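One-letter residues, chain by chain:
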Amino acid sequence: MPSVVYGATLSGVEAVRVGVEVDLLRRLPQVVMVGLPAPSVRESADRVRSAIVASGFEFPRQRVVVALAPADLRKEGTAFDLPIAVGILVEAKQVKAARAARYLFVGELSLSGELRPVRGTLAFAWLARAEGFTGVVVPAACAPEAALVEGIEVRAATSLAEVAAFLDEELELPLGVPRPCDPPAFAADLRDLRGQTGAREALEVAAAGGHNLLLEGPPGCGKTMLAARLPTILPRMTLAEALECTRIHSVAGLHAPDAGALQVRPFRAPHHSISAAGLVGGANLRPGEVTLAHNGVLFLDEFPEFPRGAREVLRGPLEDRRVVLARASGRVVLPAAFSLVAAANPCPCGNHGHPSRPCICPEAARERYRARLSGPLIDRIDLRIELLPIRPSELLGNEEGESSAVVRERVERARERQRARYADTVTCNAELRAEQVQEAAQADSKALSLLQTYLETGSASARVGRRLLKVARTLADLEGATRVRTDHVARAIGLRCDLDERGVA
Ligand SMILES: [Zn+2]
């Protein structure tokens, strides 16, 4: 009866349990690996052999068959070294089997038997808890990350020899200790932005109602600086959100395993040369930018320069707040709930409308550029703000703006009101469905007639009306007002929520 030891592989941002079954046969010594191992897993045979010998054990002089199950799931990564080594030692009766069956094993081995960190440890610990294991044995360097998952024993080991002693109950491996959560340290603050009062308001409204935002203006007017400050005014992450983000970034290899949980909402700003797969994921099953931006902000600077394919793949995640990738081994679902900030220049050269710099773009090129700012994707953007070139006096003014912390407090209160109003149906105003908008807004009669007049004069559609009402609802929530009033509607109009339908001058 061959013995089974458990390891795991990453699929999307989740870990999947993999049984490592080892069988020793009286044939020529050789290691045979079956069950869709990727080349990185195949190479494990040599590392495991050296590590076992270097740790003072004997490598079996027999044919070693390692079967990975489920057989149809492709196994990636170097985290299988440890479960394979443990499986061989158990089958060769060089260590006791009892503990080996109750733990999940994760780790890469060096030729000398040391355990090396792997990416995705948080996901592995999560899996171990969900699957009812007593605990998970991980490389010591990864233990603080794995220990962020509560209710599972995380055992930190530095070498195969230590793991073997633990299995023989001669040594108790130390328990992993999570790094304490420091208060979030933001690299930027709204306070150090001068001027752009209109844009600051739009940023606050975007944060308070979960609205997507389009910033238009010439190069150098502060679009990137504004967008980068959105995470600093969004509500603080809950523990669950923080762990989810940490798990995603760990799987992507972007999180130091000895760091604490992520405290600051992610801000991702991919260049417009990115491929569709880079945006939504797919290459090597790694998460794409939309998943890395989950619970945070995706900033697409020079949005019209993104290739059509890349702009189109964003529709799905913007609508469904997740990405579904079709794989040979089945579907992989990745979370992708992010706030979108898109930015555009007035024209390809950036100078159109500038008081002193001439625009060199042919009119046709300018029109093509503008045309890319319409369509179904832009329909998901509630706020459009035009930024003017900033005056040197504004840039250098001594007057300090409000700090991110002050704005965030207002945003958090506004979000609280939305949560109370919508219970479980939606989480924020931006997500309101068409049939919910009217009731949620509770607009008074004067506000409704202002909206009506505005829509009729501009011959704008009911959809524009709903978008204006959603933004007006957020403005009311920021003030703590129960009903949407005329001034909220007027300010929503000022935030230019309807430009796309009237066409842009
Ligand atoms: Zn131009």
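Residues numbered from 1 in each chain as written. Predicted model: local features only at pLDDT ≥ 70, side-chain atom pairs only at ≥ 80, totals over all residues.

Novice: Where do I start with the overall build of the protein chain in this structure?
Specialist: A tally of regular secondary structure across the protein chain gives 22 helices and 16 strands. Across its three principal axes, the protein chain shows a C-alpha extent of roughly 90 × 50 × 45 Å. The 505 residues of the protein chain split such that 47% are buried. (Helix = DSSP H or I, 4+ residues; strand = E, 2+ residues; numbered from the N terminus. Buried ≥ 20, exposed ≤ 12 C-beta atoms within 10 Å, placed from the backbone.)

Novice: Can you help me understand the pairing of strand S12 (residues 297–300) in this one?
Specialist: Consecutive residues of a regular strand have side chains that alternate between opposite faces of the sheet. Going residue by residue along S12, you find Val 297 and Phe 299 tucked away on one face and Leu 298 and Leu 300 tucked away on the opposite face as well. The sheet contact formed by strand S11 (residues 267–268) and S12 spans two bridges and is parallel. Residue pairing in the sheet places Arg 268 in a bridge with Leu 298 of S12. With four bridges joining them, S12 and strand S15 (residues 339–344) adopt parallel strand pairing. Looking at the pairing, Leu 298 lines up with Leu 340 of S15. (Pairing = 2+ DSSP bridges.)

Novice: What should I look at first to understand the packing of helix H4 (residues 121–130) against helix H10 (residues 239–251) in this one?
Specialist: Helix-helix packing: each pair is described by the crossing angle between the helix axes and the interaxial distance. Two elements in contact, H4 and H10, have axes separated by 7 Å at closest approach and are oriented at 120°. By the angle class used here, H4 and H10 are oblique. Contact residues: Thr 121, Leu 122, Ala 123 and Trp 126 in H4; Thr 246, Arg 247, Ser 250 and Val 251 in H10. Residue composition of the contact of H4 with H10, grouped by class: four nonpolar, three polar and one charged. (Axes fitted to C-alpha atoms, helices over the stretch in contact; angles between N-to-C directions. Parallel < 35°, antiparallel > 145°, perpendicular 65-115°, else oblique. Contact = placed C-beta atoms within 7 Å. Nonpolar A, V, L, I, M, F, W, Y, C, P; charged D, E, K, R; others polar.)

Novice: What exactly am I supposed to notice about the domain arrangement of the protein chain here?
Specialist: Much of the literature gives interface size as the accessible area that the parts lose upon coming together. One can read the domain layout of the protein chain as domain 1 (3–167), domain 2 (190–404) and domain 3 (432–505). Computed over C-alpha atoms, the centres of domain 1 and domain 3 are 58 Å apart. (Domains from an automatic or database assignment.)

Novice: Even after reading the chapter, I still don't get the sheet that holds S11, so can you show me in this structure?
Specialist: Two orientations exist for strands paired in a sheet by backbone hydrogen bonds: parallel and antiparallel. What the five strands build is an open sheet, ordered S11-S12-S15-S10-S16; its pairing is parallel. Every other strand in the sheet has two partners, leaving S11 and strand S16 (383–386) as the edge strands with one partner each. Both strand S10 (residues 213–216) and S16 contribute to a ladder of four bridges, which runs parallel. Bridging across to S16, Glu 216 finds its partner in Glu 386. On the sheet, helix H7 (residues 197–209) packs against S10, S15 and S16 and is oriented at approximately 165° with respect to S16.

Novice: Explanation requested: helix H19 (residues 445–457) in the structure shown.
Specialist: Think of an α-helix as 3.6 residues a turn; residues three or four steps apart then line up on the same face. For H19, built from 13 residues, the straight-helix expectation of 18 Å at 1.5 Å per residue is met to within 8% by its first-to-last C-alpha distance of 18 Å. Every buried residue belonging to H19 is among Ala 447, Leu 450 and Leu 451, and all of these are buried. Across the axial projection of H19, the buried residues extend over an arc of 100°, all falling on one side. Among the exposed residues of H19, those pointing more than 90 degrees away from its buried face are Ser 445, Lys 446, Gln 452, Thr 453, Glu 456 and Thr 457. For H19, the secondary structure elements touched by its buried residues are helix H20 (462–479) and helix H21 (486–494). (Expected span 1.5 Å × (residues − 1). Arc of directions from axis to C-beta.)

Novice: Before we go on, may I ask you to explain the packing of helix H2 (residues 44–54) against helix H3 (residues 81–91) in this structure?
Specialist: For the pair H2 and H3, interaxial distance at closest approach is 10 Å and the crossing angle is 55°. When the interaxial angle is binned, H2 and H3 end up oblique. Once H2 is placed against H3, the crossing between them reads as right-handed. Judged by residue contacts, Ser 44, Arg 47, Val 48, Ala 51 and Ile 52 of H2 engage Asp 81, Ile 84, Ala 85, Ile 88 and Leu 89 from H3. Among the residues forming the contact of H2 with H3, the class breakdown is seven nonpolar, one polar and two charged. (Left-handed = near helix turned anticlockwise from the far one by under 90°.)

Novice: Sorry, what's going on with the pairing of S15 here?
Specialist: Taking burial as the measure, the six residues of S15 include six buried ones, the bulk of the element. Neither face of S15 is exposed, since Ser 339, Val 341 and Ala 343 on one face and Leu 340, Ala 342 and Ala 344 on the opposite face are all buried.

Novice: Explain the environment of Ala 157 here, please?
Specialist: Positionally, Ala 157 belongs in strand S9 (residues 153–157). According to the C-beta neighbour criterion, Ala 157 is buried, with 25 such atoms within 10 Å. Taking C-alpha positions, Ala 157 is 48 Å from Glu 302, a pair spaced 145 residues apart along the chain. Excluding residues that lie within four positions of it along the chain, Ala 157 makes contacts with Leu 115, Val 137, Pro 139, Ala 140, Glu 162, Val 163, Phe 166 and Leu 173.

Novice: I keep staring at the environment of Gln 442 and nothing clicks. Help me out?
Specialist: Tracing the sequence through the fold places Gln 442 in the loop between helix H18 (434–441) and H19. Judged by local crowding, Gln 442 falls into the partly exposed class, with 14 C-beta atoms found within 10 Å. Taking C-alpha positions, Gln 442 is 56 Å from Ala 140, a pair spaced 302 residues apart along the chain. Excluding anything up to four places from it in sequence, Gln 442 contacts Thr 482, Arg 483 and Val 484.

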